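Coordinate inspection notes
Spelled out from the first residue to the last, the chains are:
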Amino acid sequence: MLRIACPYCGERDHVEFAYGGDATRRFPDLGDPDIDRWAEAVFIRDNPKGEHREFWQHQHGCRQWLYVVRDTVTHEVKSVVPAREVPALSAPDRAEAA
Ligand SMILES: [Zn+2]
């Protein structure tokens, strides 16, 4: 069972949350016309084994977006912080944010 410790509500079962995607995913600039870059950013996903950075929304709680570091093998949640507190998530250094 996956449990996520929401910084606002406390530890809750994952059914209260919605997965919001890979937090390391980078998208092209909005004005970028390259269809291949957009197709890769939108449709191609990695399937990492081990530590992974993800967005989750506490939909059935405080509705806040969270930045979660989770092990994809054990489902151990290693850290949870409000997404707004993680600097530069939309910048190229997203992968370094933790
Ligand atoms: Zn919450």
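Keep in mind it's a predicted model, so treat the numbers as computed, not measured.

Quick look at the pairing of strand β6 (residues 77-82)
Along any regular strand the residues' side chains alternate between the sheet's two faces. Of the strand pairs in this sheet, strand β5 (residues 65-71) and β6 are connected by 5 bridges, and their pairing is antiparallel. In the strand pairing of β6, Val69 is matched with Ser79. The turn linking β5 back onto β6 is made up of 5 residues, and His75 within it adopts a positive phi angle of 65 degrees.

Observations concerning the sheet that holds β6
Read from one edge of the open sheet, 4 strands run β3-β4-β5-β6, paired in antiparallel fashion. Each having just a single partner strand, β3 (18-22) and β6 make up the two edges of the open sheet. Between one strand axis and the next, the sheet turns through 30 degrees on average, direction left out of account.

So, how was this worked out
Residues numbered from 1 in each chain as written. Predicted model: local features only at pLDDT ≥ 70, side-chain atom pairs only at ≥ 80, totals over all residues. Pairing = 2+ DSSP bridges. Helix = DSSP H or I, 4+ residues; strand = E, 2+ residues; numbered from the N terminus. Axes fitted to C-alpha atoms, helices over the stretch in contact; angles between N-to-C directions.

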